[in-house]
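Listed below, chain by chain, are the residues.
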Amino acid sequence: MLACQPQEGNQNPTVSKRIPVPNLKRLSLEQYGISLESRKVVQANFEQNQHLRDILSEYQVSPEKIDELDRKSGEIFDVRLMRAGQPFTVVKNAQGGIDYFIYEKNPADYIVIDLQDSIKIYEGRNPSTTEVRMASGMIENSLYESLQSQGLDLGLLGELEKTFAWSVDFFHLEKGDYYKVIYEEEYVDGESIGAGKVLGAQFHHDGEDFFAFYFEQDGKGNVFDEKGINLQTAFLRSPLKYEETGQTDASVEKTSASQNIAFGIDPQPIYAVGTGRVKAAYTSREQEFVLTIDHDGPYASQYRFQSAFRPEVTKGQKVKQGSLLGYAQADRDVKASMTFAFLKNGMIVDLLEVDSPGQGQVSEAHREAFEKLKAERMDQLQKLSLHARGKTIVSLH
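Description of the structure in this document.

Cut-off values and rules
- Residues numbered from 1 in each chain as written.
- Predicted model: local features only at pLDDT ≥ 70, side-chain atom pairs only at ≥ 80, totals over all residues.
- Heavy atoms only, no water.
- Core = buried A, V, L, I, M, F, W, Y, C linked by side-chain atoms within 4.5 Å.
- Buried < 20%, exposed > 50% of the residue type's maximum accessible area, 1.4 Å probe, protein only.
- Contact = heavy atoms within 4.5 Å.
- Helix = DSSP H or I, 4+ residues; strand = E, 2+ residues; numbered from the N terminus.
- Polar contact = N/O pair within 3.5 Å; in protein donor to acceptor, adjacent residues only side chain to side chain.
- Salt bridge = Lys/Arg side-chain N within 4 Å of Asp/Glu carboxyl O.
- 1 Å grid on protein atoms, 1.4 Å probe; cavity = no way out; pocket = protein on both sides within 12 Å on 5 of 7 lines; lining within 4 Å.
- Points joined across faces, edges and corners; volume = space filled by probe spheres on them.
- Nonpolar A, V, L, I, M, F, W, Y, C, P; charged D, E, K, R; others polar.
- Phe/Tyr/Trp six-rings, centres within 6.5 Å; stacked < 30°, edge-to-face > 60°.
- Lys NZ or Arg CZ within 6 Å of the ring centre and 35° of its normal.
- Expected span 1.5 Å × (residues − 1).
- Arc of directions from axis to C-beta.

So, on to the nonpolar core. Grouped together as the largest cluster of nonpolar side chains are 62 residues, with contacts concentrated most on Leu143, Phe164 and Tyr303. When sequence neighbours within four positions are dropped, the list of residues in contact with phenylalanine 164 reads Phe170, Ala201, Phe203, Phe210, Phe211 and Ala212. With 22 residues, the next largest nonpolar core counts Leu56, Val79, Phe101 and Ile113 among its residues.

Structure, rendered in structure tokens:
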């Protein structure tokens with residue numbers, strides 16, 4: 001049985017009425033836009049190996065409705081990414097059924113699933129404030145260990161990966177690589193909830209410096225390099241997100257032509273490296289899911305992995321860069337793997353060596369403003385000292 005503690009009432013809860021569930025930071029039903037009249041509230045944290053389907057089934061949600069939720073959730077938030085330890089809220093109606101399920105991805109972001117009639121899913125965000133900070137570090141074993149050794153928020157790993165996903169291979173960082181970063185730290189109710197958007201950064205990898213500067217033009221923000229070229233290119237450098245693998249860099253083996261990646265027990269999401277159309281999608285005799293995506297021009301990408309794949313990924317379907325394709329999961333006794341290959345004119349090539357076209361640049365109308373911001377960020381990065389160990393965090397006011 002799920003260990004939960006109910007709360008009843010017809011008023012919005014206050015801080016003093018919060019249910020004492022570990023790690024639960026807030027309950028703001030008024031902010032969620034949900035009335036508590038004639039409703040009950042149940043809160044808990046996801047337990048190890050517990051899934052949303054288990055919880056909904058316990059509250060007599062029909063299998064048909066759960067399947068509908070699974071189909072509709074992918075574009076907003078894949079429910080299979082709900083993790084152990086994260087808090088959730090169930091809002092029950094007078095008959096004991098579920099009207100709403102609320103999942104807190106983190107203290108700032110949440111997902112609301114409206115289970116009344118036809119299922120509706122929407123994202124929300126709690127009010128927050130930000131401070132601008134700077135940090136730097138050297139790579140000795142992995143980026144994760146570098147951040148951890150300096151007491152930096154580990155959410156910065158994901159933010160750096162999002163910033164440099166098109167230029168840096170985070171699975172193969174080397175000793176001596178280093179980073180300098182200017183970023184926002186976010187606060188909810190006066191408490192830090194971790195690193196936010198990267199405003200400027202330098203990543204030194206394999207003898208080369210990569211720069212990134214967040215800049216807004218025409219009401220839209222993007223990350224550009226020092227030449228004003230959008231860092232987002234046609235192809236991601238990996239079908240995996242380094243922050244989701246839970247591994248050190250050395251635990252991933254790769255040839256120059258393809259990647260063979262061994263995982264831990266948790267399911268690992270697989271993402272499309274580029275926009276294209278599915279050329280083939282089938283299950284092989286070895287019970288591997290085989291997927292081939294044709295991209296613009298002579299390029300294609302191929303993915304072979306065991307475990308679950310998204311049933312919507314079918315032959316002829318168009319997929320966007322970064323779209324979730326499925327999951328690879330290791331057996332407790334035998335490691336399962338995901339094999340990835342990138343092809344040009346039908347021949348396997350090294351994705352890291354492909355000249356990937358960019359997605360635009362700073363316009364002439366905004367060039368002067370960009371150059372001014374870049375000069376300011378460059379000066380801040382240059383003055384930031386590097387330390388292999390020990391905290392190097394500076395607040396900018």
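Let us keep going from here.
The subject of this paragraph is the side chain of serine 136. Positionally, serine 136 belongs in strand 7 (residues 129–138). Among the polar contacts made by the side chain of serine 136, one reaches the main-chain carbonyl oxygen of serine 385 at a distance of 2.5 Å.

All chains considered together, the criterion is met by 10 salt bridges. Taking the shortest distance from any N to any O, the salt bridge between aspartate 67 and arginine 53 comes out at 3.2 Å. One end of the pair, aspartate 67, is in helix 3 (residues 63–73); the other, arginine 53, is in helix 2 (residues 52–58), with 14 residues separating them in the sequence. Given a relative accessible area of 35%, aspartate 67 falls into the partly exposed group. Note that arginine 133 is salt-bridged to glutamate 131, the shortest N-O span being 3.2 Å. Taking relative accessible area as the criterion, arginine 133 reaches 16% and is therefore assigned buried. Each member of the salt-bridge network shares a partner with another, and the members are Asp109, Arg125 and Glu186.

Each pocket or cavity is described by its volume, and for the second largest pocket that value is around 790 Å³. Lining the second largest pocket are 25 residues, and of these Trp166, Ser167, Glu208, Phe210 and Arg237 sit closest to its centre. No other element matches strand 10 (residues 208–217), which puts four residues into the lining of the second largest pocket. Looking at the lining of the second largest pocket residue by residue, the class counts come to seven nonpolar, seven polar and 11 charged.

Moving on, we get to the packing of aromatic side chains. On inspection of all chains with the given rule, the structure shows 17 aromatic pairs. Seen from their ring centres, phenylalanine 46 and phenylalanine 101 are 6.4 Å apart, and the 70° between their planes marks the pair as edge-to-face. Of this pair, phenylalanine 46 sits in the loop between strand 2 (40–45) and helix 2 while phenylalanine 101 sits in strand 4 (residues 98–104); the two residues are 55 residues apart in sequence, bridging distant segments of the chain. For the pair formed by phenylalanine 46 and phenylalanine 101, the shared burial category is buried. Feature note: the residues Phe211, Phe213, Phe215, Phe224 and Phe370 constitute an aromatic cluster, connected by ring pairs. Its end group placed over the ring of tyrosine 271, lysine 241 keeps NZ or CZ at 4.7 Å from the ring centre.

The terminal C-alpha atoms of helix 7 (residues 367–383) lie 24 Å apart, and with 17 residues this matches the ideal 24 Å at 1.5 Å per residue to within 8%. Along helix 7, the residues classified as buried are Arg367, Phe370, Lys374, Arg377, Gln380 and Leu381. Axial view of helix 7: buried residues confined to an arc of 150°, hence all on one face. Turned more than 90 degrees from where helix 7 packs its buried face, Glu368, Lys372, Gln382 and Lys383 sit exposed.

It is worth spelling out helix 3 at this point. Listed as buried for helix 3 are Ile66, Glu68, Leu69 and Ser73. Viewed along the axis of helix 3, the buried residues span an arc of 155°, placing them on a single side of the element. The exposed set on the far side of helix 3, more than 90 degrees from its buried face, consists of Pro63, Glu64 and Arg71. Structurally, helix 3 contributes buried residues whose contacts are with helix 2, strand 5 (109–114) and strand 6 (120–125).

Attention shifts here to unusual backbone geometry. Phi is positive for aspartate 206, close to 55°, though the residue is something other than glycine. Turning to its location among the elements, aspartate 206 is positioned in the loop between strand 9 (191–205) and strand 10. Positive phi is not limited to glycine here, since asparagine 345 has a value of about 55°. Its place among the elements puts asparagine 345 in the loop between strand 20 (337–344) and strand 21 (347–349).

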